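# Close look at the chain arrangement
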Amino acid sequence: QVQLVESGGGLVQPGGSLRLSCAASGWIFSINVMGWYRQAPGKQRELVATFTIGGSTNYADSVKGRFTISRDNAKNMVYLQMNSLKPEDTAVYYCYADNVLISYGRLYDLWGQGTQVTVSS
């Protein structure tokens, strides 16, 4: 079984920075896509950024130039460096993994439990 565990959320002032981390645990051979989504109160969950095993990244327009996604394939971890945070970045941030190769097959659309990020003065 594969689990995703996020860390690094919290309260930060506008203009501040936070770094989120996500660790995928289990007997994992590879993970095709890792990334981050977020869900603000009363809104649908939305893409923040993804990072493929081949090195391609994709960002939501609202975070381009402010957020940076990175991953460590050897450790099955993905990170999100968030700079110049705005109140509208306030949301629960979820780690995501897709097409995970394990010993007995592949797993798709895996989610972490979420970590709260609050941007407020």
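These lines cover the structure that appears in this document, whether it is placed above or below.

## Re the pattern of salt bridges
Any two side chains of opposite charge can pair, so long as their charged atoms come close to each other. All chains considered together, the criterion is met by 4 salt bridges. Among the ionic pairs, Glu46 bridges to Arg38, the shortest N-O distance being 2.7 Å. The class for Arg38 is buried, based on a relative accessible area of 5%.

## Things to note about the sheet that holds strand β3 (residues 18–25)
Spatially, 4 strands are ordered β1-β3-β8-β7 in an open sheet, and the strand pairing comes out antiparallel. What marks the edges here is a single partner per strand, and that holds for β1 (3–7) and β7 (67–72). Between one strand axis and the next, the sheet turns through 15° on average, direction left out of account. Here β3 runs beside strand β8 (residues 77–82); their pairing, made up of 6 bridges, is antiparallel. From the neighbouring strand, Leu20 faces β8, where its bridge partner is Leu80.

## Brief notes about the side chain of Glu6
Here Glu6 shows up in strand β1. Look at Glu6: it is buried, it has no salt bridge, and the nearest opposite charge is Arg45 at 7.7 Å. Among the polar contacts made by the side chain of Glu6, one reaches the main-chain amide nitrogen of Cys95 at a distance of 2.8 Å. One polar contact links the side chain of Glu6 to the main-chain amide nitrogen of Gly114, over a distance of 3.0 Å.

Scoring rules and cut-offs
Residues numbered from 1 in each chain as written. Predicted model: local features only at pLDDT ≥ 70, side-chain atom pairs only at ≥ 80, totals over all residues. Heavy atoms only, no water. Salt bridge = Lys/Arg side-chain N within 4 Å of Asp/Glu carboxyl O. Buried < 20%, exposed > 50% of the residue type's maximum accessible area, 1.4 Å probe, protein only. Pairing = 2+ DSSP bridges. Helix = DSSP H or I, 4+ residues; strand = E, 2+ residues; numbered from the N terminus. Axes fitted to C-alpha atoms, helices over the stretch in contact; angles between N-to-C directions. Lys, Arg positive; Asp, Glu negative; His and termini not counted. Polar contact = N/O pair within 3.5 Å; in protein donor to acceptor, adjacent residues only side chain to side chain.

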